[in-house]
Amino acid sequence: MSAPFKPELAPAIGRDDKPGAVDIPRNEPLTRQRQTCSAKRLAGGWTLLLVLSATNAGAIDSGLWSDSELTTLRSLALSSLPPLPADPSNRFADDPAAAVLGRRWFFDQGLSSNGKVACASCHDPDRDFQDGRDLAKGVGRTNRRAMPLAGMAYSPWLFWDGRKDSQWAQALGPLENPNEHNLTRGGCAKWVLAHYLSEYRAVFGEPPDLSALPDNAGPLGDKRARRAWIGLDDSARDAVNRVFANVGKAIAAFERRIAWNESRFDAYVRALGEQAPATPENSLSSEEIAGLKLFIGKAHCVECHRGPLFTDLDFHNTGVPARPGLPKDLGRLAGAEQVVADEFNCLGGYSDASPEQCRELNFINKGERRLLRAYKPPSLRNVAQRPPYMHAGQFASLEAVIGHYNRAPAARRGAARSNPYI
């Protein structure tokens, strides 16, 4: 179980803190986290064992691993995580005051049409910053699972389909989604200035005067909201958009520092390098070691779940079936088109980046058949705490996930990336 979220300040993991940086709570203390990326064979399939307490006595035996295996293990440890990357599209990304304000907005249920939904409703710190549901639930029910947030500052694309290219742009999507926060863009901007005027002014400067604008105007709202949005002149729409974008930028300043503590797997890798004595906190059982060898070897799990984030942050069609009753979902094929068209992308007028800093967007792949029903593999860190699995909760257990990959079914739509090693 994750430890309860507490608002005390704690440093981020995987990098040295910058002087004066606002630290945010990590989602799990070292003494509670018992996850390792290991696997074992069960009656016809592979199953991940990520919450095991059995450990070996004696010294850590590095002789169990070849040099190439040790190199792979080191690449998976949090100690290999590079410094937190800059976000040139968000000049407030590392602003301590913006992070504090963003944290307040992250938990404020006032940022929803019914006053009952906050970002934390679907990204609960007590649940590894997700909600444990097969389909996320805000004002209404969505068509996808909520993704965990830890480490997502390292991802060039956000959401399962990558339809946003920054954390601040991602934060804006749910605010206008009728099934999530269900706000109009204008309503959100006016609410923020009505309830957080002094805080907004302290971070972003003097805001525009939106008092004469309709209470609910937005390009994605209902017919009345869209009509009100169209009725605004360009300067009024721009003023709303800038306040709205700043809401996302502050929330991103908070979210980008959400990180993991070192897990028992990380402690094990560190102990291998130091040839340290075995302890319950840095040891793996014989089953876990066997499973870890499969994970980085014959089972080839590490092909998609690589690096210290345990994800390659790319998009793959792995033959996961569509969930009955949901709208047609094209995955990355649609997401790539959406991020290019997004007015809040890196190249848009509300980005703080120069065009040459938008490398990912400038070289995006779109329109390729392989992107149909391709989704981003989430991190496997803390994965045992996050059932069900896949983008729409198609599999209830890790055994079911591994069973799917053991069968390696053909994709019903698109071209599945097959596993020739099973």
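Calculation criteria
Sequence order as written defines the numbering, with residues in each chain counted from 1. The model is predicted, so local features are restricted to residues of pLDDT at least 70 and side-chain atom pairs to those at 80 or more, both for listing and for counting; the totals for chains, interfaces and linings are taken over all residues. As a convention, hydrogens and water are excluded, and side-chain values are obtained from all of the structure's heavy atoms. Here a helix means four or more residues in a row that DSSP labels H or I, a strand means two or more in a row labelled E, and each is numbered from the N terminus. Polar contacts, as counted here, are pairs of nitrogen or oxygen atoms within 3.5 Å of one another; within protein the pair requires one atom able to donate a hydrogen and one able to accept it, and residues that are adjacent in sequence qualify only if both atoms are side-chain atoms. Using only the protein atoms, space was sampled on a 1 Å grid; points where a 1.4 Å probe fits but cannot get out form cavities, open sets with protein on both sides within 12 Å along at least five of seven lines form pockets, and lining residues are those with an atom within 4 Å of a point. Grid points are joined across faces, edges and corners, and a volume is the space filled by probe spheres set on the points. Here the nonpolar group is Ala, Val, Leu, Ile, Met, Phe, Trp, Tyr, Cys and Pro; Asp, Glu, Lys and Arg are the charged ones; every other residue, Gly included, is treated as polar. In this description, the term disulfide denotes a pair of cysteine sulfurs within 2.5 Å. Buried means the residue's accessible area, taken with a 1.4 Å probe over protein chains only, is under 20% of the maximum for its type, while exposed means over 50%, and partly exposed covers the values in between. Each axis is a line fitted through C-alpha atoms, and for a helix only the stretch in contact is used; angles between axes span 0 to 180 degrees, taken between their N-to-C directions. These descriptions rest on fixed angle ranges, namely under 35 degrees for roughly parallel, over 145 for roughly antiparallel, 65 to 115 for roughly perpendicular, and the rest for oblique. Handedness of a crossing is defined here by the sense of rotation of the near helix relative to the far one, left-handed for an anticlockwise turn of less than a right angle and right-handed for a clockwise turn. Residue contacts are counted whenever heavy atoms from the two residues lie within 4.5 Å of one another. The predictor attaches a confidence to each residue, and that confidence, scored 0 to 100, is pLDDT. Any Phe, Tyr or Trp ring, taking Trp's six-membered ring, that has another such ring centre within 6.5 Å forms a pair; planes under 30 degrees apart are called stacked, those over 60 apart edge-to-face, and the others tilted. Note that the arc is defined by the directions from the helix axis to the C-beta atoms. Definition of nonpolar core: a set of buried residues of the types Ala, Val, Leu, Ile, Met, Phe, Trp, Tyr and Cys, connected through side-chain atoms within 4.5 Å.

> Would you mind showing me how to read the environment of Asn-317 here?
Inspection of the secondary structure puts Asn-317 in the loop between helix H10 (286–296) and helix H11 (332–341). Residues Asn-317 and Ala-410 lie 93 residues apart in sequence; the distance between their C-alpha atoms is 9.8 Å. Within the structure, the side chain of Asn-317 is placed 2.9 Å from the backbone nitrogen of Gly-319, a separation counted as a polar contact.

> Sorry if this is basic, but what is going on with the environment of Tyr-350 here?
As for its position among the elements, Tyr-350 is in the loop between H11 and helix H12 (359–362). In this structure the side chain of Tyr-350 is engaged in a polar contact, spanning 2.9 Å, whose partner is the side chain of Asp-238.

> Is there a simple way to explain the layout of surface pockets in this structure?
To locate leftover empty space, one rolls a probe as large as a water molecule over the atoms. Its boundaries defined by the atoms lining it, the second largest pocket holds a volume of some 760 Å³. Elements with a minimum of two residues in the lining of the second largest pocket: helix H3 (119–122), helix H4 (167–176) and H11. In terms of residue count, H4 provides more of the lining of the second largest pocket than any other element does, 4 residues in total. When grouped by side-chain class, the residues that make up the lining of the second largest pocket number 18 nonpolar, 11 polar and 9 charged.

> What exactly am I supposed to notice about the state of the cysteines here?
The term disulfide refers to a covalent linkage connecting the sulfur atoms of a pair of cysteines. The final tally for this structure, using the stated rule, is 1 disulfide. Here Cys-346 connects covalently by a disulfide to Cys-358, the sulfurs 2.1 Å from one another. Because the sign of the S-S torsion sets the handedness, a value of about -75 degrees for the bond joining Cys-346 and Cys-358 places this disulfide among the left-handed ones. With Cys-346 in the loop between H11 and H12 and Cys-358 in the loop between H11 and H12, this residue pair connects regions lying 12 residues apart in the sequence. Residue Cys-346 is classed as buried on the basis of its relative accessible area, which comes to 10%. For Cys-304, which is in no disulfide, the shortest distance to another cysteine sulfur is to Cys-301 and amounts to 9.3 Å.

> In this structure, what is going on with the packing of helix H1 (residues 67–76) against helix H9 (residues 264–274)? I would like to understand it.
The relative placement of two packed helices is expressed as an angle between their axes plus a distance between the axes. Two numbers describe how H1 lies on H9: the axes approach to 9 Å, and their chain directions differ by 135 degrees. Relative to H9, H1 is oriented oblique. Here the hand of the crossing between H1 and H9 comes out left-handed. Residue-level contacts link Leu-70, Leu-73, Arg-74 and Leu-76 of H1 to Phe-265, Asp-266, Val-269 and Leu-272 of H9.

> Looking at this model, I keep getting lost on the confidence of the model for the chain. Mind explaining?
In low-pLDDT regions, the fine details of the predicted coordinates are not to be read closely. Taken as a whole, the chain shows an average pLDDT of 86; of its residues, 84% reach a score of 70 or greater. pLDDT under 50 marks residues 1–57. Its contacts with residues more than four places away, or in other chains, come to 173 contacts. Every residue in residues 418–422 is under pLDDT 50, and counting partners more than four places away or in other chains gives 7 contacts.

> It is not clear to me how the packing of aromatic side chains should be interpreted in this structure. Could you clarify?
To describe a pair of aromatic rings, you give the distance between the ring centres and the angle between the ring planes. Tallying each qualifying case throughout the model produces 13 aromatic pairs. Plain terms: the ring middles of Tyr-200 and Phe-204 are 4.8 Å apart, the flat faces sit at 45 degrees to each other, and that makes the pair tilted. Within this pair, Tyr-200 and its partner Phe-204 are both found in helix H6 (residues 197–204), separated by 4 residues, close to a single helical turn. The class for Tyr-200 is buried, based on a relative accessible area of 3%. Residue classification places Phe-204 among the buried positions, given a relative accessible area of 13%.

> Can you help me understand H11 in this one?
Residues separated by three or four positions in an α-helix point in the same direction, a consequence of the helix having 3.6 residues per turn. Of the residues making up H11, those classed as buried are Arg-332, Gly-335, Ala-336 and Val-339. Projected down its long axis, H11 carries its buried residues within an arc of 100 degrees, all on one side. Along its buried surface, H11 packs onto H12.

> I tried to follow the packing of helix H5 (residues 185–195) against H6 on my own but got confused; where do I start?
One can describe the packing of H5 onto H6 by two numbers: an axis separation of 5 Å at closest approach and a directional angle of 100 degrees. Judged by the angle between their axes, H5 and H6 are roughly perpendicular. Of the residues in H6, those in contact with Val-192, Leu-193 and His-195 of H5 are Leu-197, Glu-199 and Tyr-200.

> Help me understand the nonpolar core in this model?
Nonpolar side chains in soluble globular proteins generally cluster together in the buried interior. Counting 57 residues, the largest nonpolar core has Trp-105, Phe-106, Trp-168, Phe-204, Leu-210 and Phe-344 as the members making the most contacts within it. Of all elements in the fold, only helix H2 (96–107), H3, H4, H5, H6, helix H7 (223–231) and helix H8 (234–255) reach the threshold of two or more residues within this core. When residues of this core are assigned to their parent elements, the largest contribution, 12 residues, is made by H8. When neighbours within four sequence positions are excluded, Phe-344 is seen to be in contact with Asp-165, Trp-168, Ala-169, Leu-172, Arg-185, Asn-241, Phe-244, Ala-245 and Tyr-350.

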